[in-house]
There are 2 protein chains.
Amino acid sequence: MYGLIGRMRAVPGQRDALLGLQLEGSGDMPGCLSYIVARDPADADAIWVTEVWTDEASHKASLALPAVQAAIARARPLIAGFDSHTVTEPVAGIGLPKIGTFSPPLASGS
Amino acid sequence: MYGLIGRMRAVPGQRDALLGLQLEGSGDMPGCLSYIVARDPADADAIWVTEVWTDEASHKASLALPAVQAAIARARPLIAGFDSHTVTEPVAGIGLPKIGTFSPPLASGS
């Protein structure tokens, strides 16, 4: 799996409008297992986005989807900047489909 | 909703063992909507944990669950430290149950 954790800032006063566009643009994205947008309670303009994809290719392909392109175009004027962008390798967890397997080393077994 | 994004480091060589314990301890946690553990591809010892709960109380209550307590006790010797711990307010997204509603401001409507 391929994951992203990012923090971005909206133009002041436009955070909820930006959140709306992010949700609108993420309706049907093949390979997307999780896409969650969140407010930062410590900063009135900041948004956290956490994503899990089956693989990096799915994520890249999503950026070319018409609905995503349209949402990006409308969102751009509402974005003040990006603070952080981290790639992760999601292993498993609650809220993800049970795909693949993760076998922890024997040392952690009971 | 109540969210957490955290980065922690395992004792060198123990990351997968720690991931296993984290998944083992998160089997049945009331109020947990998403709990995803991920490797950091840029650091062989680092783990990202992203969580979404119905509310903060559910998260706090989970820490008292016997299975969680047992996993924490076994995980502690494998943890080298915590790098960051951020509270978020998840709004909605793919991979979350459709609870509550989010109505973006009219400005973002089509």
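What you see is a predicted model, and the numbers here were worked out from it, not measured in a lab.

1. With respect to the side chain of Q22 of chain B
All names here are of chain B. Within the secondary structure, Q22 sits in helix α1 (residues 15-24). Q22 gets classed as buried once you look at its relative accessible area, which sits at 10%. In contact with Q22, not counting residues within four places along its chain, are M8, Y35, V37, I47 and V49.

2. Regarding the packing of α1 of chain B against helix α3 (residues 66-75) of chain B
All names here are of chain B. At a closest axis distance of 9 Å, the pairing of α1 and α3 adopts a crossing angle of 170°. Classified by the angle their axes make, α1 and α3 are roughly antiparallel. Contacts between α1 and α3 involve L18, L21 and E24 from the former and A71, R74 and A75 from the latter. In terms of residue class, the contact of α1 with α3 is made up of 4 nonpolar, no polar and 2 charged.

3. Re the nonpolar core
Counting 21 residues, the largest nonpolar core has L18 and V37 of chain B as the members making the most contacts within it. If you list the elements that add at least two residues to this core, you get β1 (2-10), α1, β2 (32-39), β3 (46-53) and α3 of chain B. At 5 residues, the largest contribution of residues to this core is made by α1 of chain B. The contacts of V37 of chain B, once residues within four sequence positions are left out, are P90, V91 and A92 of chain A together with L19, Q22, L23, W48 and V49 of chain B. Ranked by size, the runner-up nonpolar core spans 20 residues in total, among them A10, L18, L21 and L78 of chain A.

4. Let's talk about the UniProt feature "domain: ABM" (unreviewed entry) in chain A
Per the UniProt record, "domain: ABM" (unreviewed entry) is found at residues 2-87 of chain A. Annotation note: span residues 2-87 of chain A, helix share 31%, strand share 40%, distance between end C-alpha atoms 7 Å.

5. Observations concerning the pairing of β1 of chain B
Residue and element names in this part refer to chain B. With 8 of 9 residues buried, β1 is to be regarded as a mostly interior element. By the bridge criterion, 8 bridges tie β1 to β3 in an arrangement that is antiparallel. Paired with G3 across the bridge in β3 is V52. Pairing analysis gives 8 bridges linking β1 to strand β4 (residues 79-94), with the strands arranged antiparallel. Bridge pairing in β4 places G6 opposite H85.

Rules of the game
Residues numbered from 1 in each chain as written. Chains lettered and ligands numbered in written order. Predicted model: local features only at pLDDT ≥ 70, side-chain atom pairs only at ≥ 80, totals over all residues. Heavy atoms only, no water. Helix = DSSP H or I, 4+ residues; strand = E, 2+ residues; numbered from the N terminus. Buried < 20%, exposed > 50% of the residue type's maximum accessible area, 1.4 Å probe, protein only. Contact = heavy atoms within 4.5 Å. Axes fitted to C-alpha atoms, helices over the stretch in contact; angles between N-to-C directions. Parallel < 35°, antiparallel > 145°, perpendicular 65-115°, else oblique. Nonpolar A, V, L, I, M, F, W, Y, C, P; charged D, E, K, R; others polar. Core = buried A, V, L, I, M, F, W, Y, C linked by side-chain atoms within 4.5 Å. UniProt positions renumbered as here; feature names shortened; annotations may be inferred. Pairing = 2+ DSSP bridges.

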